[in-house]
Amino acid sequence: VQLVESGGGLVQAGDSLRLSCAASGGTFIRYVMGWFRQAPGKEREFVGAINWSVGRTYYADSVKGRFTISRDNAKNTVYLQMNSLKPEDTAVYYCAASEGLVPGPERDYAYWGQGTQVTVSS
């Protein structure tokens, strides 16, 4: 399984950004795809996830209402649409894959992308 993130960059507070995670090498219909982020000096944290088969989404409270996760089955790609970005959203964002139907703890995610940097200036 390979996961490749893209779409990161430098934006201003209030702007939007969409991250992509292209997945290959697996049958992702059986997977939960998660987004995590790690800010400098902080532990990696859960941002949200999507059950690939039915499209049910889950979000951390800190991003609920601002971020949206979706998937494109034909392209084997998962997206993280980030709106109303804040400086505290600055982090390296990672896509990860976990076999199962619902998101579990971080240790359940066996496959990880390389990460993409998102920087939000005030």
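Residues numbered from 1 in each chain as written. Predicted model: local features only at pLDDT ≥ 70, side-chain atom pairs only at ≥ 80, totals over all residues. Heavy atoms only, no water.

Asker: Just checking my understanding: could you explain the pattern of salt bridges for this structure?
Answerer: When the charged atoms of two side chains with opposite charge come close together, those side chains can pair. One pass over the structure, following the stated rule, counts six salt bridges. When the shortest N-O distance is used, the salt bridge between Asp89 and Arg37 registers 2.9 Å. Highlighted residues: Asp89 in the loop between β8 (77–82) and β9 (91–99) and Arg37 in strand β4 (residues 31–38), separated in sequence by 52 residues. You'll find Asp89 and Arg37 in the same group, each marked buried. Across the salt bridge formed by Arg44 and Glu106, the nearest N and O atoms sit 2.8 Å from each other. Of this pair, Arg44 sits in the loop between β4 and β5 (45–51) while Glu106 sits in the loop between β9 and β10 (111–112); the two residues are 62 residues apart in sequence, bridging distant segments of the chain. (Salt bridge = Lys/Arg side-chain N within 4 Å of Asp/Glu carboxyl O. Helix = DSSP H or I, 4+ residues; strand = E, 2+ residues; numbered from the N terminus. Buried < 20%, exposed > 50% of the residue type's maximum accessible area, 1.4 Å probe, protein only.)

Asker: Please clarify how the pairing of strand β7 (residues 67–72) should be interpreted in this entry.
Answerer: In summary, the side chains of a regular strand alternate between the two faces of the sheet. Bridging between β7 and β8 involves six bridges; their strand directions are antiparallel. Residue pairing for β8: Arg71 is matched across the bridge by Val78. Linking β7 back to β8 in an antiparallel pair, the connection comprises four residues, with Asn76 at a positive phi of about 50 degrees. (Pairing = 2+ DSSP bridges.)

Asker: Before we go on, may I ask you to explain the sheet that holds β8 in this structure?
Answerer: In any sheet, the strands associate via hydrogen bonds between backbone groups, in a parallel or an antiparallel arrangement. The four strands lie next to each other as β1-β3-β8-β7, forming an open sheet whose pairing is antiparallel. Looking along the sheet, the strands with just one partner apiece sit at the ends: β1 (2–6) and β7. Strand-to-strand twist of the sheet, defined as the mean angle between neighbouring strand axes without regard to direction, takes the value 15 degrees. Relative to strand β3 (residues 17–24), β1 runs antiparallel, the two sharing five bridges. Bridging across to β3, Leu3 finds its partner in Ala23. (Axes fitted to C-alpha atoms, helices over the stretch in contact; angles between N-to-C directions.)

Asker: Is there a simple way to explain the packing of aromatic side chains in this structure?
Answerer: Within a pair of aromatic rings, the relevant descriptors are the distance that separates the centres and the angle that separates the planes. Taken as a whole and judged by the stated rule, the model has eight aromatic pairs. With centroids separated by 4.9 Å and ring planes inclined at 50 degrees, the aromatic side chains of Phe36 and Trp112 adopt a geometry described as tilted. You can see Phe36 sitting in strand β4 and its partner Trp112 sitting in strand β10, a full 76 residues away along the chain. Three or more aromatic residues joined by ring pairs make a cluster, and in this case those are Phe36, Phe46, Tyr94, Tyr109 and Trp112. (Phe/Tyr/Trp six-rings, centres within 6.5 Å; stacked < 30°, edge-to-face > 60°.)

Asker: Hey, could you run me through the state of the cysteines in this one?
Answerer: Where two cysteines share a covalent bond between their sulfur atoms, that bond is called a disulfide. For the structure shown, the criterion picks out one disulfide. The side chain of Cys21 participates in a disulfide bridge whose partner is Cys95; the two sulfur atoms lie 2.0 Å from each other. As the torsion about the S-S bond is roughly -70 degrees, the Cys21-Cys95 disulfide counts as left-handed. Of this pair, Cys21 sits in strand β3 while Cys95 sits in strand β9; the two residues are 74 residues apart in sequence, bridging distant segments of the chain. You'll find Cys21 and Cys95 in the same group, each marked buried. (Disulfide = S-S within 2.5 Å.)

Asker: Which parts of the structure should I look at to understand the side chain of Arg37?
Answerer: On the accessibility criterion, Arg37 (7% relative accessible area) is buried. Within polar-contact distance, the side chain of Arg37 engages the side chain of Glu45 at 2.6 Å. Among the polar contacts made by the side chain of Arg37, one reaches the side chain of Tyr93 at a distance of 2.9 Å. In this structure, Arg37 is in contact with Glu43, Arg44, Glu45, Val47, Ser62, Val63, Phe67, Glu88, Asp89, Ala91, Val92 and Tyr93, ignoring residues within four places of it in sequence. (Polar contact = N/O pair within 3.5 Å; in protein donor to acceptor, adjacent residues only side chain to side chain. Contact = heavy atoms within 4.5 Å.)

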